[in-house]
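Listed below are the residues making up each chain.
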Amino acid sequence: MTCFCELSHLAQMALIILTWLGVLAQLVLPVYRFFHRRSVIHTILDGVLLYGLLVLLCFLVRYNRHVPQSDFHLPVPALIGFLAAAFAYSGISLCREMRRSKREINEWSVKEAIDDLPVGLLFADADGHIILINRKMAELSHLLIDRLPRTLSDMTDALASPPPESQAEAMTDVADCYRFRDGRIYRFCRSELDGEGLSGYVQLDAHDETEIYEGNIRLRENNEELKQVNLRLQKMYARMEDEVREKESLHLKVWLHDTMGSSLLTIQDIKHSSSTETKQKLKDLKEAVGMLSASRSTAKGTFEEAQQKAKQLGVKVTLDGYIPPDTMAEQLITAAVRECVTNCIRHAKGDRVHVKITEKIGILRVQITNNGQVPKGQITEGSGLSSLRRSVEASGGDMKISHRPAFALTLYLPRKEDNL
């Protein structure tokens, strides 16, 4: 069997180099384990193997340099087998340690995870010494003070008053926010940590609030636009109220003109009538006066007031149902009753008006009838009924008029005040 001493000089140098590489490989393994897993057993085993390789390397180098010593009768196959086993052990162990470190949580994995965060983080102890700073906070500190901070006060002092040569400026409209040279806006927050073993530790974090800040600016601009639109709508509504008021005034003038004209004609006719016709003419005049005393559909008031006014005109108004008090529905029902009382006197020649109210799914059904003459044909809406219809439809309701088998005015009104 060939021994090391029988090899040529080049072959001996090759084995020496392989042994030296084995020493390096075995040296990397305990160092890696020291930083990632401090296992006593593995450290002892690695130390023994490293010591053996170093002793072997010393013997090989001394013999190769012809240092006086007894012949080193080491079988070459055994030497190569030992070196191969050492390389295999170091390589396999190192690969296992690397895979295990990726699956387990340790100091390095925590540091790597914190460095990957988009939020800047800095932790300091009770004396202000920095114990951990991630990559994002390091970048911000370079922009703020042009170096890594040594203590917490280096960052807090710079944030309290950014240096003139720094690449950051404090925001005046938002507290604790700073705009950096790249246009990004960061909010810095300092907080005291609490919990077991954390007393006295301080955390300083920096959040990127560029999108939030820009979104707030756009929101303020949109609110300003909406404010202007609201002002224009208010002006438009004001003009609409004026137009409605003018139309109602015009309808009132027309109604008064027709009624007064009819009354004057009746008075003039009475003056030229015989005594036998005077009674009938006075009755017609009474009807005209009743028309003038009746309210139009836009007038306000309570149902009881409408009953009293109708009683003065000789018409009895009865109610079957419930009217919600102090609502738009009550105003519309009151206006409809007054209009029906007037029409009962003028056209139907009756003396009784009946109001029936039912409710279904929040809708009031109001039916108004009288005991007068049945209309001979389709009812033509005058200014009073037309105005009443507009008021009802504007409130979200509906109005129907029927003449068969008898006159009936039906309203469908939302019960809730906010729907009117």
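Nothing here was measured: the structure is a model prediction, and the numbers come from that model.

(A) Up close: helix α11 (residues 383-394). Taking 1.5 Å per residue as the helical rise, α11 with its twelve residues ought to reach 16 Å, and the 16 Å between its terminal C-alpha atoms agrees with that figure. All of the buried residues along α11 are G384, L385, S387, L388, S391 and V392. Here the buried residues of α11 occupy an arc of 160° about the axis, which is enough to place them on one side. In the segment just after α11, G396 is the residue with positive phi, at about 90°.

(B) Representation of the pairing of strand β7 (residues 316-320). Here five bridges tie β7 to strand β8 (residues 352-360), and the two strands are oriented parallel to one another. Considered in β8, the bridge of K316 is made with R352.

(C) Fine view of the packing of helix α9 (residues 303-312) against helix α10 (residues 328-348). Packing of α9 against α10 leaves a shortest axis separation of 9 Å and a crossing angle of 10°. The pairing of α9 with α10 is recorded here as roughly parallel in orientation. Here α9 contributes F303, E304, E305, A306 and A310 to the contact with α10, which in turn contributes E330, I333, T334, V337, R338 and V341. For the contact of α9 with α10, the per-class residue count stands at six nonpolar, one polar and four charged.

(D) Examining the sheet that holds strand β10 (residues 398-402) more closely. An order of β7-β8-β9-β11-β10 is seen for the five strands of this open sheet, with the pairing classed as mixed. The open sheet has two edge strands, β7 and β10, and neither has a second partner. On average, each strand axis in the sheet is inclined to that of its neighbour by 15°, with strand direction left out of account. The strands touched by α10 are β7, β8, β9 (363-370) and β11 (408-414); relative to β11, the strand with the most contacts, the crossing angle is about 175°.

(E) Highlighting the sheet that holds strand β1 (residues 120-124). Strand order in the open sheet formed by six strands is β2-β1-β6-β5-β4-β3, with antiparallel pairing between adjacent strands. What marks the edges here is a single partner per strand, and that holds for β2 (130-133) and β3 (168-170). Taken pair by pair, the neighbouring strands of this sheet meet at an average axis angle of 25°, ignoring direction. Looking at chain direction, strand β4 (residues 177-180) and strand β5 (residues 185-192) are connected through three bridges and run antiparallel. Its bridge partner lying in β5, C177 is registered against R187.

(F) View of the pairing of β5. Linking β4 to β5, which pair antiparallel, is a turn of four residues; within it G183 sits at a positive phi near 90°. In terms of strand pairing, β5 meets strand β6 (residues 202-208) through seven bridges, oriented antiparallel. Paired with R190 across the two strands is L204, which belongs to β6.

(G) Seen up close, the state of the cysteines. Here the structure, examined in full by the defined rule, presents zero disulfides. Sulfur of C344: no disulfide; nearest cysteine sulfur belongs to C340 and is 8.8 Å away.

(H) Broad picture of the pattern of salt bridges. By the definition in use, this model includes twelve salt bridges. A salt bridge links K136 to E139, with the nearest nitrogen and oxygen atoms 3.7 Å apart. One end of the pair, K136, and the other, E139, are both in helix α5 (residues 135-145), three residues apart, so they sit about a helical turn from each other. Looking at E139, the relative accessible area reads 41%, which means it is partly exposed.

(I) Region of interest: the packing of α10 against α11. As a packed pair, α10 and α11 sit with axes 10 Å apart at the nearest point and diverge in direction by 165°. It follows that α10 is roughly antiparallel to α11 by the angle criterion. The element α10 and its partner α11 pack so that their crossing is left-handed. Across from L332, A335, A336, E339 and N343 in α10, the residues of α11 making contact are G384, L385, L388, S391 and V392. Taken together, the residues of the contact of α10 with α11 break down into six nonpolar, three polar and one charged.

(J) Highlighting the nonpolar core. Counting residues in each nonpolar core, the largest one holds 30 residues, and the members touching the most others are V337, I368 and L413. If you list the elements that add at least two residues to this core, you get α9, α10, β8, β9, α11 and β11. Among the elements that line this core, the one with the most residues is α10, at ten residues. Beyond its immediate chain neighbours, meaning those up to four positions away, L413 contacts A329, L332, I333, G362, I363, L364, V366, V392 and S395.

The rules behind these values
Residues numbered from 1 in each chain as written. Predicted model: local features only at pLDDT ≥ 70, side-chain atom pairs only at ≥ 80, totals over all residues. Heavy atoms only, no water. Helix = DSSP H or I, 4+ residues; strand = E, 2+ residues; numbered from the N terminus. Expected span 1.5 Å × (residues − 1). Buried < 20%, exposed > 50% of the residue type's maximum accessible area, 1.4 Å probe, protein only. Arc of directions from axis to C-beta. Pairing = 2+ DSSP bridges. Axes fitted to C-alpha atoms, helices over the stretch in contact; angles between N-to-C directions. Parallel < 35°, antiparallel > 145°, perpendicular 65-115°, else oblique. Contact = heavy atoms within 4.5 Å. Nonpolar A, V, L, I, M, F, W, Y, C, P; charged D, E, K, R; others polar. Disulfide = S-S within 2.5 Å. Salt bridge = Lys/Arg side-chain N within 4 Å of Asp/Glu carboxyl O. Left-handed = near helix turned anticlockwise from the far one by under 90°. Core = buried A, V, L, I, M, F, W, Y, C linked by side-chain atoms within 4.5 Å.

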